[in-house]
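What follows is each chain in one-letter form.
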Amino acid sequence: MKRFILSLVVVSCLVVGAGYLDVFLAGAPHAWAPWCLALGTNGALMSLMALGALRRGRIASALRWTFVGMFVLCSAAFGAALALPAAEGAGGPLLLGLPLRSAIVIYAVGLAPLLVLPLVWARTFETSTLSDEDLRRLREAHRAMARDVPGTGPTTPDAV
């Protein structure tokens, strides 16, 4: 699973890089360059979140589907903003007081994850955090490293 998620991170960064490369090399960007930035940025963000949520080589099912759902939602929002005609201005359509394309991005990319992700994280907190066994192994590894590296052992007299 970790290898798959890391490959998603790399692919997402390459897609973003392709969008930037097109802008820098072509002068005027091609029509696909903003789509690369929209999809690649969302892919990188969600795959990095998934990488951070890995525990014992797995991701909690609720988190997995949440990351996929957030990727789809944010990509669709950016896609809608890119696909809609530019009609901002004095007579342009408004959605809850904002220009339509801006409202789609702010509400779908900014507000929805702000509401959804903390709730899902709270729901999966017990299975997503380190267990007592994980903490014990971490402490043992730290002690072993402290013994192997000079100058990193206990520094206070009562810690010895």
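Nothing here was measured: the structure is a model prediction, and the numbers come from that model.

Definitions and cut-offs
- Residues numbered from 1 in each chain as written.
- Predicted model: local features only at pLDDT ≥ 70, side-chain atom pairs only at ≥ 80, totals over all residues.
- Heavy atoms only, no water.
- Helix = DSSP H or I, 4+ residues; strand = E, 2+ residues; numbered from the N terminus.
- Buried < 20%, exposed > 50% of the residue type's maximum accessible area, 1.4 Å probe, protein only.
- Areas by Shrake-Rupley, 256 points an atom, 1.4 Å probe, with all protein chains shown as cover.
- Lys, Arg positive; Asp, Glu negative; His and termini not counted.
- Charge placed at Lys NZ, Arg CZ, Asp CG, Glu CD.
- Axes fitted to C-alpha atoms, helices over the stretch in contact; angles between N-to-C directions.
- Parallel < 35°, antiparallel > 145°, perpendicular 65-115°, else oblique.
- Left-handed = near helix turned anticlockwise from the far one by under 90°.
- Contact = heavy atoms within 4.5 Å.
- Nonpolar A, V, L, I, M, F, W, Y, C, P; charged D, E, K, R; others polar.
- Salt bridge = Lys/Arg side-chain N within 4 Å of Asp/Glu carboxyl O.
- Core = buried A, V, L, I, M, F, W, Y, C linked by side-chain atoms within 4.5 Å.
- pLDDT = per-residue confidence, 0-100.
- Phe/Tyr/Trp six-rings, centres within 6.5 Å; stacked < 30°, edge-to-face > 60°.

Draft legend 1. Broad picture of the overall build of the chain. The number of helices and strands found in the chain is 6 helices and 2 strands. Written out in order from the N terminus, the α and β elements of the chain read α-α-α-β-β-α-α-α. Based on the C-alpha atoms only, the size of the chain along its principal axes is roughly 75 × 40 × 30 Å. For the chain, the proportion of its 160 residues judged to be buried stands at 24%. Carbon and sulfur atoms form 71% of the exposed surface of the chain, whose accessible area is close to 10,800 Å². Each charge sign in the chain was given a centre, from 13 positive and 9 negative side chains, and these centres are 6 Å apart.

Draft legend 2. Main features of the packing of helix H1 (residues 2-26) against helix H2 (residues 33-53). In contact at an axis separation of 8 Å, H1 and H2 are set at 155° when each is read in the N-to-C sense. Considered as vectors, H1 and H2 are oriented roughly antiparallel to each other. Viewed along their axes, H1 and H2 form a crossing whose handedness is left-handed. Where H1 abuts H2, its residues Lys2, Ile5, Leu6, Leu8, Val9, Ser12, Val15, Val16, Gly19, Tyr20, Asp22 and Val23 lie against Ala33, Cys36, Leu37, Gly40, Thr41, Gly43, Ala44, Ser47, Leu48, Ala50 and Leu51. Split into classes, the residues belonging to the contact of H1 with H2 amount to 15 nonpolar, 6 polar and 2 charged.

Draft legend 3. Structural context of the pattern of salt bridges. Going through the model one piece at a time under the given rule, you end up with 3 salt bridges. Taking the shortest distance from any N to any O, the salt bridge between Asp134 and Arg137 comes out at 2.6 Å. Here Asp134 pairs with Arg137, and both are found in helix H6 (residues 132-148), just 3 residues apart, close to one helical turn. Using a relative accessible area of 9% as the deciding quantity, one classes Asp134 as buried. Owing to a relative accessible area of 45%, Arg137 belongs among the partly exposed residues under this scheme. Arg136 serves as the salt-bridge partner of Glu140, at 2.3 Å between the closest nitrogen and oxygen. Remark: Arg136 and Glu140 occur in helix H6; sequence separation between them is 4 residues, near one turn of the helix. Relative accessible area serves as the criterion here: at 39%, Glu140 is assigned to the partly exposed category.

Draft legend 4. Up close: the side chain of Asp22. Considering the arrangement of structural elements, one finds Asp22 in helix H1. Of the side chains with opposite charge, Arg101 comes closest to the buried, unpaired Asp22, at an N-O distance of 16 Å.

Draft legend 5. The nonpolar core, seen in detail. One finds Ile5, Met46, Ala50, Ala53, Leu54, Ile59, Leu63, Phe67, Met70, Leu117 and Val120 forming the largest nonpolar core, which totals 11 residues. Mapped onto this core, the elements with two or more residues apiece are H2, helix H3 (61-83) and helix H4 (100-123). Setting aside its immediate chain neighbours within four residues, Leu117 contacts Met49, Thr66, Phe67 and Met70.

Draft legend 6. Local environment of the confidence of the model for the chain. Taken over all residues, the pLDDT of the chain has a mean of 84, while the share at 70 or more is 91%. Per-element confidence in the chain is highest for H1, whose mean pLDDT is 91, and lowest for helix H5 (residues 125-128), whose mean pLDDT is 72.

Draft legend 7. Main features of the packing of aromatic side chains. In total, this model carries 1 aromatic pair according to the counting rule given. Considering the side-chain rings of Tyr20 and Phe24, the 6.2 Å spacing of their centres and the 20° angle between planes classify their relative orientation as stacked. Of this pair, Tyr20 and Phe24 both sit in helix H1, 4 residues apart, which is roughly one turn of that helix. Of the residues examined, Tyr20 reaches a relative accessible area of 44% and is grouped as partly exposed.

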